[in-house]
Amino acid sequence: MLGARLAACLQPLVAQLRSGALLRRNAELAEASSEGTAPPSLDAFLAAFDLEDASEADCAGPPIAPPQRPWEDDAAVRLQRALRALRCSSSGARPRATGSA
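Residues numbered from 1 in each chain as written. Predicted model: local features only at pLDDT ≥ 70, side-chain atom pairs only at ≥ 80, totals over all residues. Heavy atoms only, no water.

Engineer: I'd love a proper account of the overall build of the protein chain, names of residues and values included.
Structural biologist: What the protein chain contains, in helices and strands, is three helices and zero strands. Listing the helices and strands of the protein chain from first to last along the sequence gives α-α-α. For the protein chain, the computed accessible surface area is about 8800 Å², with 63% contributed by carbon and sulfur atoms. (Helix = DSSP H or I, 4+ residues; strand = E, 2+ residues; numbered from the N terminus. Areas by Shrake-Rupley, 256 points an atom, 1.4 Å probe, with all protein chains shown as cover.)

Structure (structure tokens):
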């Protein structure tokens, strides 16, 4: 349960990290080409894109949905209600101001 939720939360972050790494690599290549070294050939660029697509295909898949457990929702609602009741009883249950003076 926790593993599935963690995977679902981390999936966008992993994709963002990969994008950042590619952008940094492109910036390094642009800097190297401006320093007088020869830029990589078109074949090298295409091979890099093929590798990127292959790695994304390995990791990408349908989004991982957490398992449906209706009892968890019910338990969370009950806990929230109990905490609110506890807060109200410990604070003296003062009514909220409505804005009229």
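Engineer: Quick one: what's the story with a nonpolar patch on the surface, residue by residue and with numbers?
Structural biologist: A contiguous nonpolar patch, built from Leu6, Leu10, Leu13 and Val14 and spanning about 330 Å² of accessible area, is present on the exposed surface. With respect to the secondary-structure elements, leucine 6 resides in helix 1 (residues 2–34). Since its relative accessible area comes to 47%, leucine 6 is described here as partly exposed. (Patch = residues over 30% accessible without salt bridge, like charges linked within 9 Å, V, L, I, M, F, W, Y side chains within 5 Å. Salt bridge = Lys/Arg side-chain N within 4 Å of Asp/Glu carboxyl O. Buried < 20%, exposed > 50% of the residue type's maximum accessible area, 1.4 Å probe, protein only.)

Engineer: With reference to specific residues and values, describe the pattern of salt bridges.
Structural biologist: For the structure shown, the criterion picks out two salt bridges. In this structure, the salt-bridge partner of glutamate 28 is arginine 25, at a minimum N-O distance of 3.4 Å. A residue pair is termed a helical-turn pair when its members lie 3 or 4 positions apart in one helix, as glutamate 28 and arginine 25 do in helix 1 at three residues. Judged by its relative accessible area of 46%, glutamate 28 is partly exposed.

Engineer: Account for helix 3 (residues 70–90), with residues named and values stated.
Structural biologist: In this model, helix 3 (21 residues) spans 31 Å end to end at C-alpha, consistent with the 30 Å of a helix rising 1.5 Å per residue. With one of 21 residues buried, helix 3 lies mostly on the surface of the structure. (Expected span 1.5 Å × (residues − 1).)

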